[in-house]
Amino acid sequence: MKKICLLLLSFIYLNALEYDLETLKKQDNSLAKDYYIYRLLEKKTLHKTEIENLKSHIFRYAGKIKTEIEKIIPIKPYINPKYMQCYIYTKNTILDANLTCQSVRLNSISFIASLSNKDRDILAKKFDSKRPDLTNLLLAFNSSKPMKYMEEKDDVNGFFKLYKYFKADHGDCDLNASFVNQISNYNNFNNFAQTIVIQRQYPKFRYSLLQTNPKNTKEYTAFYLGINALTYDKDHIAYEFFKQAAQTFKSRSGRDNAIFWMWLIKKDEKDLQMLTQSNSLNIYSLYAKELTHSAFPKIETIKVHKEKNDFNMQDPFAWQKLNKTILEANATKLDELAKKFDTEETLPIYAYILERKSKFKKHYFITPYYQYIKDYDIPRQALILAIARQESRFIPTAISVSYALGMMQFMPFLANHIGEKELKIPNFDQDFMFKPEIAYHFGNYHLDYLEKRLKSPLFIAYAYNGGIGFVKRLLARDDMFKNGKYEPFLSMELIPYQESRIYGKKVLANYIVYRYLLNDSIKISDIFENLIQNKANDLNKS
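Within any chain, residue numbers begin from 1 and follow the written order of that chain's sequence. Totals for whole chains, interfaces and linings use all residues, but because this is a predicted model, local features are given only for residues with pLDDT of at least 70 and pairs of side-chain atoms are given and counted only at 80 or more. Side-chain numbers come from the whole structure's heavy atoms, not from hydrogens or water.

Section: the UniProt feature "domain: Transglycosylase SLT" (unreviewed entry) in the protein
- UniProt positions are given in the numbering used here, feature names are shortened, and annotations may be inferred rather than shown by experiment. The sites that carry the UniProt feature "domain: Transglycosylase SLT" (unreviewed entry) are, in the present numbering, residues 381-479.
- As annotated, residues 381-479 comprises 59% helix and 0% strand, and the C-alpha atoms at either end are separated by 33 Å. The secondary structure listing takes helices from DSSP runs of H or I that are at least 4 residues long and strands from runs of E that are at least 2 residues long, numbered from the N terminus.

Observations regarding the nonpolar core
- Throughout this description, the term nonpolar core refers to a set of buried Ala, Val, Leu, Ile, Met, Phe, Trp, Tyr and Cys residues connected via side-chain atoms within 4.5 Å. A 1.4 Å probe rolled over the protein chains alone gives each residue an accessible area, and that area as a share of the maximum for its type sets the label: buried under 20%, exposed over 50%, partly exposed in between. Residues Ile227, Trp261, Ile349, Tyr462 and Phe481 are the most contacted members of the largest nonpolar core, which totals 138 residues.
- Ranked by size, the runner-up nonpolar core spans 41 residues in total, among them Phe166, Leu175, Phe179 and Leu225.

Some thoughts on the state of the cysteines
- The criterion for a disulfide is a pair of cysteine sulfur atoms lying within 2.5 Å. The final tally for this structure, using the stated rule, is one disulfide.
- In this model, Cys86 is linked to Cys101 through a disulfide, with the two sulfur atoms separated by 2.1 Å. Between Cys86 and Cys101, the S-S torsion sits near -70 degrees, and that sign places the bridge as left-handed. In this pair, Cys86 sits in the loop between helix 5 (63-72) and helix 6 (99-105) while Cys101 sits in helix 6, placing the two residues 15 residues apart along the sequence.

Brief notes about helix 22 (residues 331-340)
- Among all positions in helix 22, only Leu334, Leu337 and Ala338 are buried. The arc enclosing the buried residues of helix 22, seen along the axis, measures out at 105 degrees, which places them on a common side. Exposed and facing more than 90 degrees away from the buried side of helix 22 are Thr332 and Lys339.
- Contacts: residue pairs with any heavy atoms within 4.5 Å of one another. Residues of helix 22 that are buried make contact with helix 21 (316-328) and helix 23 (347-357). Arc, as used here, means the arc of the directions from the helix axis to the C-beta atoms.

What to know about the side chain of Ser456
- Note on placement: Ser456 falls in the loop between helix 26 (436-451) and helix 27 (457-466).
- With a relative accessible area of 1%, Ser456 lands in the buried category.
- Within the structure, the side chain of Ser456 is placed 3.1 Å from the backbone nitrogen of Leu458, a separation counted as a polar contact. Under this definition, polar contacts are N or O atom pairs within 3.5 Å; protein pairs additionally need one hydrogen-donor-capable and one acceptor-capable atom, and for neighbouring residues in sequence, both atoms have to be side-chain atoms.

Points about the environment of Lys153
- Checked against the element boundaries, Lys153 lands in the loop between helix 10 (146-152) and helix 11 (156-165).
- Exposure remark for Lys153: the relative accessible area of 44% places this residue in the partly exposed category.
- Spatially, the C-alpha atom of Lys153 lies 10 Å from that of Pro132, the residues being 21 residues apart in sequence.

Here is the structure:
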């Protein structure tokens, strides 16, 4: 309690960094610069003329900053002046337009959908020889089964256009093997297949995908077609997709994921042994080592040699500039940088450089600023470290593209809610999250909240990334984390948000490693086995 009081007292002496627009303009474009410009936009301290001239100073014109600017200066959709006159024609007058203008207007699926069947028939005849793609789209809308119509016409581009327009209850239909293998050769197929498998929509499409030739697929497409096959209890088909995924994945972690599923299906010890030899540290290689009683993977230790350097770990602009240098550095430059940042205070940067120098083949699990968490129980220490490693690599002034802040990557709204409403810290500012002791304290506080509602470290990781509401909805589903042949592994592959799905696995692997390093090893098999039971417990709590 005394330590917490002292920590809260220290807030009184903190001051947030204040930047005006002219000062920011002098900085190099970076996420840090975007973040502080966004803060000025939020405070509504900028005039419209200032905002009009901002674009050249923005590093990433997307997301929050784009939305905020376009509230004040709406972007008008670009229309080629050559075709401007075509947009005077509406659904009621389109037949009066010339062929060029009709073609321009019919490039919009929603415009085609607004037309009457009679007008679509007339237009389809006009374009039959000139634009068969338009003819197909027009007549598809006049069909009772538009997607089936595209299949009959072997029109793959039209099929994907209609898929984006129609919802599952209107667009779903059975597809024949020939057409499935035709669409599997198109770039759009990758996103199409993954989306309908994960979102569990379009059941007829999904079942039709079982006819896909595995050789037409690769990497994640092959992998998720394997997952799809498992949802229909087609293990033999799934195995061939996973085998193809394992052969085509460029990343070792992706390959390990596919090999793990091959092992689950056939229980071939060769697959398990292959996982134990992986140089990728992930939940599947860790689990394989545990099952085969192999040695824990080698974790690199770091001993710093210098007392300090002149780098300001509290300056987000300094980190953004340095990170750009690190990302562009060759091996010689990385060696120079490593020598410079070989200090206790800059340990996160030092480890980050060493990781890049090894091309991520060596595993560095550091515990920087450990003095701020050493009094927590070991599982909590491990979870905080696991999350911080995944979120920021322990960089105190890390800023994400969504402006999550600091080591624990708190979103500003959550940091402000905890700081102002719950901890009632005087003069709290979200930039306080750049201080390691505060980041850890807020992380611990938020994990207290999550652990009251969730038990498994995996579910907590999902909630840390996607929100507690997301996880509650997930656990309330009848088709997730239930007893089953391939559970909980199948549910782990079907987490609806890709970011949370990947994040949960990585944090869990980090957690296992930190428990080991803190001399409090836990079996990953116990975590897997308890996920179904934890679902029931977590639902009872909520």
